[in-house]
Amino acid sequence: YFKDNTQEKVCENFKVFVKDSIDKQFIQTKDIEQLLKKAELHPVGKPLAEINTMEMEEAISTNKLVKTVEVYTTHNGSIVARIYQRNPVMRIISHQDGSYYIDSERERMPTSLNYTVYLPLATGYITEEFAKKELYDFVIYISDNPSWDAWIEQIVIDRSDKVQIVPRAGDFRVTLGSLDDYKGKLDKLKLFIDKGLSTVGWNRYSEINLEYNSQVVCTLK
């Protein structure tokens, strides 16, 4: 009975619900409507019997900010699109590949003109493969440790693939070298901060190098 009655109706409303938009607003209703209009799939004004919700889902999924989408018809003849956004975990500004995010599934995600989210930032000579693997693991570790998350402002990869971190306080850089044993290197840095920098001051050195085993090598300004 429901099917027979709705199929005779014309769609008068199209509603978009972005289910996880409280914390981030990458996707807006106008973006989805424009996408469907361009694909000639916008449902308003069309008989419900002629509306293909699967084609609408496929079209909406071409937006690289969309994680999943479900399109369906309500009892009053409206068409509803429920969308979940992708979840970025870090921002990349690469000399090779430009600006993009890496999401929680280790996939590349475009930036949005609508919204910029505060995330760990990595810049420099970064390949997408490195961003998805070693750098992703490092960033997740930092994000899961509030003290490091608050202390580190930026991650920089230089031409020789050495990793440096830029602190929020102090005019210096910390060189990790490779990301091998980054947990041990950060533990060594914490000890040096607690026992060394707190005594000599934050602006005495231009570089703190953690590449060497059992050593912290500092360069004076």
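Data block above holds the structure.
What comes next concerns the included structure. (Residues numbered from 1 in each chain as written. Predicted model: local features only at pLDDT ≥ 70, side-chain atom pairs only at ≥ 80, totals over all residues. Heavy atoms only, no water.)

1. Some details on the sheet that holds strand 2 (residues 66-73)
Rule in force here: Note: two strands are recorded as paired if DSSP finds a minimum of 2 bridges between them. Going along the chain from the N terminus, every DSSP run of H or I of four or more residues is numbered as a helix, and every run of E of two or more is numbered as a strand. Every angle, taken between N-to-C directions, lies between 0 and 180 degrees, and every axis is a line fitted to C-alpha atoms, over only the stretch in contact when it is a helix. Contacts between residues were defined by any pair of non-hydrogen atoms, one from each residue, lying within 4.5 Å.
On the basis of which strands lie adjacent, the open sheet formed by three strands has the order 1-3-2 and mixed pairing. With partners counted over all chains shown, the strands left at the sheet margins are strand 1 (14-18) and strand 2, one partner each. Sheet twist, expressed as the average angle between the axes of neighbouring strands with direction ignored, equals 15°. Relative to the sheet, helix 2 (residues 29-38) contacts strand 1 and strand 3 (79-85), its axis offset from that of strand 1 by approximately 130°. Sheet strands in contact with helix 3 (residues 53-60) are strand 1, strand 2 and strand 3, and its direction is about 160° off that of strand 2.

2. Quick look at the sheet that holds strand 12 (residues 217-220)
Reading across from one edge, 6-5-4-7-8-9-10-11-12 is the order of the nine strands in this open sheet, with mixed pairing throughout. Among the strands making up the open sheet, the edge pair consists of strand 6 (108-109) and strand 12. Pairing of strand 10 (residues 173-177) with strand 11 (residues 205-209), which is carried by three bridges, proceeds in the parallel orientation. Bridging across to strand 11, Thr 175 finds its partner in Asn 209.

3. Thoughts on the pairing of strand 3
Applied cut-off: Burial classes: relative accessible area under 20% of the type maximum marks a residue as buried, over 50% as exposed, and values in between as partly exposed (1.4 Å probe, protein chains only).
Most of strand 3 sits out of view: five of its seven residues are buried. Sheet analysis places strand 2 next to strand 3, joined by seven bridges and oriented antiparallel. Bridging across to strand 3, Thr 73 finds its partner in Ile 79. From the end of strand 2 to the start of strand 3, which pair antiparallel, there are five residues, and Gly 77 there has a positive phi angle of about 90°.

4. So, the nonpolar core
Across soluble globular proteins, nonpolar side chains have a tendency to be buried as a group. Operational definition: Joining through side-chain atoms within 4.5 Å is the link that ties buried Ala, Val, Leu, Ile, Met, Phe, Trp, Tyr and Cys residues into a set, and such a set is a nonpolar core.
If you look at the biggest cluster of nonpolar residues, it comprises 35 residues, and the most contacted ones within it are Leu 135, Phe 138, Ile 155, Ile 165 and Leu 189. Those residues in contact with Phe 138 that sit more than four places away from it in its chain are Ile 155, Ile 165, Leu 176, Leu 179, Tyr 182 and Leu 186. Listed in part, the 26 residues of the second largest apolar core include Phe 14, Val 69, Ala 81 and Val 117.

5. Some words on the side chain of Asn 63
Assignment of secondary structure puts Asn 63 in the loop between helix 3 and strand 2. Not counting chain neighbours up to four residues away, the residues in contact with Asn 63 comprise Ile 32 and Leu 35.

6. Quick look at the side chain of Thr 74
Going by this rule: For the purposes of these results, a polar contact is taken to be a pair of N or O atoms within 3.5 Å, where, inside protein, one atom must be able to donate a hydrogen and its partner to accept one; residues adjacent in sequence count only when each atom of the pair is a side-chain atom.
Tracing the chain through its elements places Thr 74 in the loop between strand 2 and strand 3. Using a relative accessible area of 17% as the deciding quantity, one classes Thr 74 as buried. Among the polar contacts listed, one links the side chain of Thr 74 to the side chain of Asn 76, at a separation of 2.3 Å.

7. Some points on a negative patch on the surface
Which entries qualify depends on this criterion: Patches here are clusters of residues that have more than 30% relative accessible area and form no salt bridge, with a 9 Å joining cutoff for like charges and a 5 Å cutoff for nonpolar side chains (Val, Leu, Ile, Met, Phe, Trp, Tyr). In short, Shrake-Rupley with a 1.4 Å probe defines the accessible areas, and a residue's cover is counted only from the protein chains shown. What counts as a salt bridge is simple: a side-chain nitrogen of Lys or Arg found within 4 Å of a carboxyl oxygen of Asp or Glu. A positive count includes Lys and Arg, and a negative count includes Asp and Glu. His and the chain ends are not counted in either. Positions of charges follow a simple convention, taking NZ of Lys, CZ of Arg, CG of Asp or CD of Glu.
A surface patch of like charges, here negative, comprises Glu 134, Asp 180, Asp 181 and Asp 187. Within the secondary structure, Asp 181 sits in the loop between strand 10 and helix 7 (182-200).

8. Regarding helix 3
Selection criterion: The arc in question is traced by the directions running from the helix axis to the C-beta atoms.
Of all the residues in helix 3, the buried ones are Met 56, Ala 59 and Ile 60. Around the axis of helix 3, the buried residues are gathered within 95° of arc, so they sit on the same side. Turned more than 90 degrees off the buried face of helix 3, the exposed positions are Met 54 and Glu 58. Of the surrounding secondary structure, the elements contacted by the buried residues of helix 3 are strand 1, helix 2, strand 2 and strand 3. With a side-chain oxygen lying 3.0 Å from the backbone nitrogen of Met 54, the N-terminal cap of helix 3 falls on Asn 52.

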